[in-house]
Amino acid sequence: MSSGFSEADLSALLQQFVTYPEQVWYAIAAFLFIVGCFQWGSFPITNGFHQKFSLRRIPLAVINFYRVVAFRWTLEIGQSYTLNMAEVFVTVAYITLLLTYAFINTTTVEGQKLDVIFWSNRIAMLASSQFPIVTALGTKNNLVSLVTGISYDKLNYIHRMMARTCFMLLCVHAVGEVVSSPYFHLSEASLHAGIIAMAAFFILIILSLRPVRTGAYELFFYIHFLGVLIFLVGGYFHTKGAYGSYWIWPSFVFWALDRFIRVVRLVAFNHSYFGFKSGAGTMDAATELLSEDVVRLRLRRPPHFHWSPGQTAYLTMPSVSTLPFEAHPFTIASFDSSSLSTEEPEDQSGRGENYGTQVLGSSAPFWKELVFLVNVHGGFTKKLKEVAATKGKAKVFVDGPYGPSPDLSSYDTCVFVAGGSGISYTLPVFLSVIEHVESVRKGKSSCKRVVFIWCIRKAEYVQWIEEALIKAVQLAPPSLTASIRIFNTGSPSTSQSIEEDSSLSNPTEKNRTHEQVVTRKDSLTSSMLVSLRGVRMESGRADLDALLKEEVSMTSGRMSVSVCGSQGIARAIRHTLRFPVSGPSSILSGGPSVTLYVESFGYA
Ligand SMILES: Cc1cc2nc3c(=O)[nH]c(=O)nc-3n(C[C@H](O)[C@H](O)[C@H](O)COP(=O)(O)OP(=O)(O)OC[C@H]3O[C@@H](n4cnc5c(N)ncnc54)[C@H](O)[C@@H]3O)c2cc1C
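Presented here is an overview of the structure given in this document. (Residues numbered from 1 in each chain as written. Predicted model: local features only at pLDDT ≥ 70, side-chain atom pairs only at ≥ 80, totals over all residues. Heavy atoms only, no water.)

1. Description of the overall build of the chain
Moving on, step 1. Scanning the chain from terminus to terminus reveals 19 helices and 16 strands.
Moving on, step 2. For the chain, restricting intrachain contacts to residue pairs at least 6 apart in sequence, the fraction spanning at least 24 positions comes to 77%.
Moving on, step 3. Carbon together with sulfur atoms contributes 63% to the accessible area of the chain, which is approximately 27300 Å² in total. (Helix = DSSP H or I, 4+ residues; strand = E, 2+ residues; numbered from the N terminus. Contact = heavy atoms within 4.5 Å. Areas by Shrake-Rupley, 256 points an atom, 1.4 Å probe, with all protein chains shown as cover.)

Quick look at the structure:
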């Protein structure tokens, strides 16, 4: 103890051990509650369709201003690292909050300012109090996702940021302990436990750096698992008897709960593999090489497995992966809906002759199958490509679905932008909008215009989804204007533009389309697709900036833009949807209120 640290100081410190971490938790809980309200609450502000300047639109202008500043203004580091202002704000606010609680009221009764015993011990206590939430944010089934509606993969940045902040706080604690004589006389065992915990934490911090996660994900994954275990157990013994362990054991509970939920799901959805009688036979996945770098994977929808457009499933394929428990996330490209695969009733007998409408190249109605489009990289996906080259089958265990599904039912215009296999995300969401508009009588959607933009490297990629697009066009009701624009970036050849974007509201046109689909069902080609009204196939890069500006200028009311593709595509869209396009002057003059959804196929 420092010479001036009195009994009164000690009792104040012990009191702060309890109250300060609690107050930090209240602040975090209040913040999550506010974020949850924003995410779940639909803004009761009507847009109006007037094009005149109106001060009544000020609240809407404020909301759009906030969206642009928080999510579309970005800090770009290098080619692939992007932080939005919301992330920057959360990071700065979090560090400030913890450092403030660590360093306030550190003057002893005798007047010694910034007394090391106060801040060194308190900072460790504050860091320990964060372990439960840091652990929860690293799991797939967590309360924060549930409350805020933000998917676990998007929260991964916060998980890393909080963990790094805690590491920094614990380093300050270690320095404080070294420079002062420790107040709590640590037994040698607890000191050793603390040192081991910090060594494990240091390794975790290094391994979590982006180049390691990207270059050697499996190494990162397993060492991360082991490192966290060592850190938490070490931390528990280091703080045992000194309040800190109170905050550490809940981490094990959150982690175990997530594992328990995942195991239950895995057994429930894959029970045919586990020898239960009710299992409807094998669910082996069929693989197919669609192009040099894209594999299509199809498997029968596990009984009771339902998902919403845009959701993800984890696939474990022991015969393909290097390690038997590797689980890789992929977005479900098929759509769990019967109205888009209309012809036959559900076949109860397995893969029978009557297995109906082909969509997404599948031999089954796509609401009966899980379809994934997999980009080939260097690890698991490379091995999957080898299996797909022989059209092989492989055992697959499905865990999911995960992630929220965007609710676009209240938008007047929905724009979708995909690059390559990003179509896995935008296609089902696009189809769900069409389906909801089709059931507009039930008040499900008010969408009047959909724009679907897909950038691909080869024209033949269109075949991956052309049936789904044709069906969507068929199903679109007269009230809906649809524009489907496909850009073949790999070909300098001339444009295959067939029709200008136009309404599908002409019944004669719709009938003609339908007739074509029925009579030429077996010989569908992309020329069939581009012959439909509103469908254009063009060569070269899409001028996304111009396309979006055009849409914004044509729209009033609410507009959503959903993007899934390369970093470049996401950046281009964010840049366009800043000021002045989505700025206060545009909104006040009747411009659309724009919401942007970006899916990045990876941990940010
Ligand atoms: C929510 C989400 C949805 C996704 N949806 C799709 C999709 O529909 N189609 C698609 O092609 N890809 C999708 N991905 C990406 C896909 O999971 C990875 O490309 C795949 O796991 C790479 O495996 P690999 O061993 O071949 O990778 P590697 O060659 O080892 O690494 C390539 C990249 O994939 C990352 N990665 C590797 N293994 C995993 C893993 N188990 N979990 C997360 N990331 C990993 C690496 O960090 C690296 O950035 C999605 C990712 C996420 C997080």
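2. Looking at the side chain of serine 560
Moving on, step 1. Along the chain, the position of serine 560 falls in strand β15 (residues 558–564).
Moving on, step 2. Owing to a relative accessible area of 0%, serine 560 belongs among the buried residues under this scheme.
Moving on, step 3. Not counting residues up to four positions away in its chain, the partners in contact with serine 560 are Leu408, Tyr411, Thr413, Cys414, Val415, Thr595 and Tyr597. (Buried < 20%, exposed > 50% of the residue type's maximum accessible area, 1.4 Å probe, protein only.)

3. Regarding the nonpolar core
Moving on, step 1. In this structure, Phe430, Val450, Phe452 and Trp454 are the most contacted members of the largest nonpolar core, which totals 46 residues.
Moving on, step 2. Only β10 (413–419), α13 (423–438), β11 (449–456), α14 (466–475), β12 (481–488), α16 (526–530) and β14 (535–539) provide two or more residues apiece to this core.
Moving on, step 3. In terms of residues, this core owes the most to one element, α13, which gives nine residues.
Moving on, step 4. Ignoring anything within four residues of it in the chain, the contact list for tryptophan 454 reads Ala418, Gly419, Gly420, Ile423, Tyr461, Val462, Trp464, Ile465, Arg485, Ile486 and Phe487.
Moving on, step 5. Leu83, Tyr94, Phe231 and Ile248 belong to the second largest nonpolar core, which has 38 residues in total. (Core = buried A, V, L, I, M, F, W, Y, C linked by side-chain atoms within 4.5 Å.)

4. With respect to the sheet that holds strand β7 (residues 369–375)
Moving on, step 1. The strand order across the open sheet built from four strands is β7-β4-β3-β8, with neighbouring strands paired in antiparallel fashion. In the strand order of this sheet, the two ends are held by β7 and β8 (393–394), each with one partner.
Moving on, step 2. Across the sheet, helix α12 (residues 380–389) is in contact with β3 (285–291), β4 (294–300) and β7; its angle to β3 comes to roughly 95°. (Pairing = 2+ DSSP bridges. Axes fitted to C-alpha atoms, helices over the stretch in contact; angles between N-to-C directions.)

5. Here's the deal with the side chain of aspartate 412
Moving on, step 1. You can see aspartate 412 is positioned in the loop between β9 (397–402) and β10.
Moving on, step 2. Residue aspartate 412 is classed as buried on the basis of its relative accessible area, which comes to 10%.

6. Side note on the site of the ligand
Moving on, step 1. Near the ligand lie 22 residues; those nearest to it are His328, Pro329, Asn375, Gly378 and Thr381.
Moving on, step 2. A distance of 3.0 Å is found between a nitrogen atom of the ligand and a backbone nitrogen or oxygen belonging to alanine 327.
Moving on, step 3. Between the ligand and the protein, one listed contact pairs an oxygen atom with a side-chain N or O atom of histidine 328 at 2.7 Å.
Moving on, step 4. Here the ligand loses 89% of its free accessible area of 870 Å² to cover by the protein chains.
Moving on, step 5. Broken down by secondary-structure element, the contributors of at least two residues to the shell around the ligand are α9 (210–215), β6 (328–331), β7 and α12.
Moving on, step 6. A per-element tally of the shell around the ligand places β6 first, with four residues. (Near = heavy atom within 4 Å. Polar contact = N/O pair within 3.5 Å; in protein donor to acceptor, adjacent residues only side chain to side chain.)

7. Some thoughts on the pattern of salt bridges
Moving on, step 1. Tallied over the entire structure, the rule returns twelve salt bridges.
Moving on, step 2. Here arginine 457 ties to aspartate 293 by a salt bridge, and the two come within 3.1 Å at their closest N and O atoms. On the criterion of sequence distance, the pair formed by arginine 457 in the loop between β11 and α14 and aspartate 293 in the loop between β3 and β4 is long-range, its members being 164 residues apart.
Moving on, step 3. Overall, the relative accessible area of 23% leaves aspartate 293 in the partly exposed class.
Moving on, step 4. Between glutamate 538 and arginine 536 there is a salt bridge, and its shortest N-O distance comes to 3.6 Å. As far as burial versus exposure is concerned, glutamate 538 and arginine 536 are alike and both buried.
Moving on, step 5. Connected via shared salt-bridge partners are Arg485, Arg536 and Glu538. (Salt bridge = Lys/Arg side-chain N within 4 Å of Asp/Glu carboxyl O.)

8. A look at the packing of aromatic side chains
Moving on, step 1. Enumeration according to the criterion identifies 27 aromatic pairs in this entry.
Moving on, step 2. Ring centres 5.8 Å apart and planes at 80° place the aromatic pair tryptophan 73 and phenylalanine 579 in the edge-to-face group. Of this pair, tryptophan 73 sits in the loop between α2 (58–72) and β1 (74–77) while phenylalanine 579 sits in the loop between α18 (567–576) and α19 (584–588); the two residues are 506 residues apart in sequence, bridging distant segments of the chain.
Moving on, step 3. Grouping aromatic residues by their ring pairs yields a cluster made of Phe131, Phe167, Phe201, Phe202 and Phe231.
Moving on, step 4. If you follow arginine 265 out to its NZ or CZ, it ends over the ring of tyrosine 402, 4.9 Å from the centre.
Moving on, step 5. Positioned above the aromatic ring of tyrosine 411, the side-chain terminus of arginine 558 is 4.7 Å from the ring centre. (Phe/Tyr/Trp six-rings, centres within 6.5 Å; stacked < 30°, edge-to-face > 60°. Lys NZ or Arg CZ within 6 Å of the ring centre and 35° of its normal.)

9. Some points on unusual backbone geometry
Moving on, step 1. Going from glycine 400 to proline 401, the amide bond is cis rather than trans, its omega being -5°.
Moving on, step 2. In this structure, the amide linkage connecting phenylalanine 579 to the following residue, proline 580, adopts the cis form with an omega of 0°.
Moving on, step 3. Examined against the element boundaries, proline 580 turns out to sit in the loop between α18 and α19.
Moving on, step 4. In this model, leucine 114 sits at a positive phi of 45°, which is unusual for a non-glycine residue.
Moving on, step 5. Tracing the chain through its elements places leucine 114 in the loop between α3 (85–103) and α4 (116–129).
Moving on, step 6. Phi at lysine 391 is positive, roughly 55°, even though this residue is not glycine.
Moving on, step 7. Structurally, the position occupied by lysine 391 is in the loop between α12 and β8.
Moving on, step 8. Classification of lysine 391 as exposed rests on a relative accessible area of 59%.

10. What to know about helix α1 (residues 7–40)
Moving on, step 1. Between its first and last C-alpha atoms α1 spans 49 Å; for 34 residues at 1.5 Å apiece the expected length is 50 Å, and the two agree.
Moving on, step 2. Buried within α1 we find Asp9, Leu10, Leu13, Gln16, Phe17, Tyr20, Pro21, Val24, Ile28, Leu32, Val35 and Gly36. (Expected span 1.5 Å × (residues − 1).)

11. Notes on the environment of leucine 219
Moving on, step 1. Tracing the backbone through its elements, the reader meets leucine 219 in helix α10 (residues 217–239).
Moving on, step 2. According to the relative accessible area criterion, leucine 219 is partly exposed, its value standing at 47%.
Moving on, step 3. Remark: the alpha-carbon pair of leucine 219 and leucine 207, spanning twelve residues in sequence, is separated by 8.7 Å.

12. Some points on the pairing of β7
Moving on, step 1. The buried count for β7 comes to six of seven residues, which makes it a mostly enclosed element.
Moving on, step 2. Note: β4 against β7, seven bridges, orientation antiparallel. In the sheet register, valine 294 faces β7, and the bridge partner there is asparagine 375.

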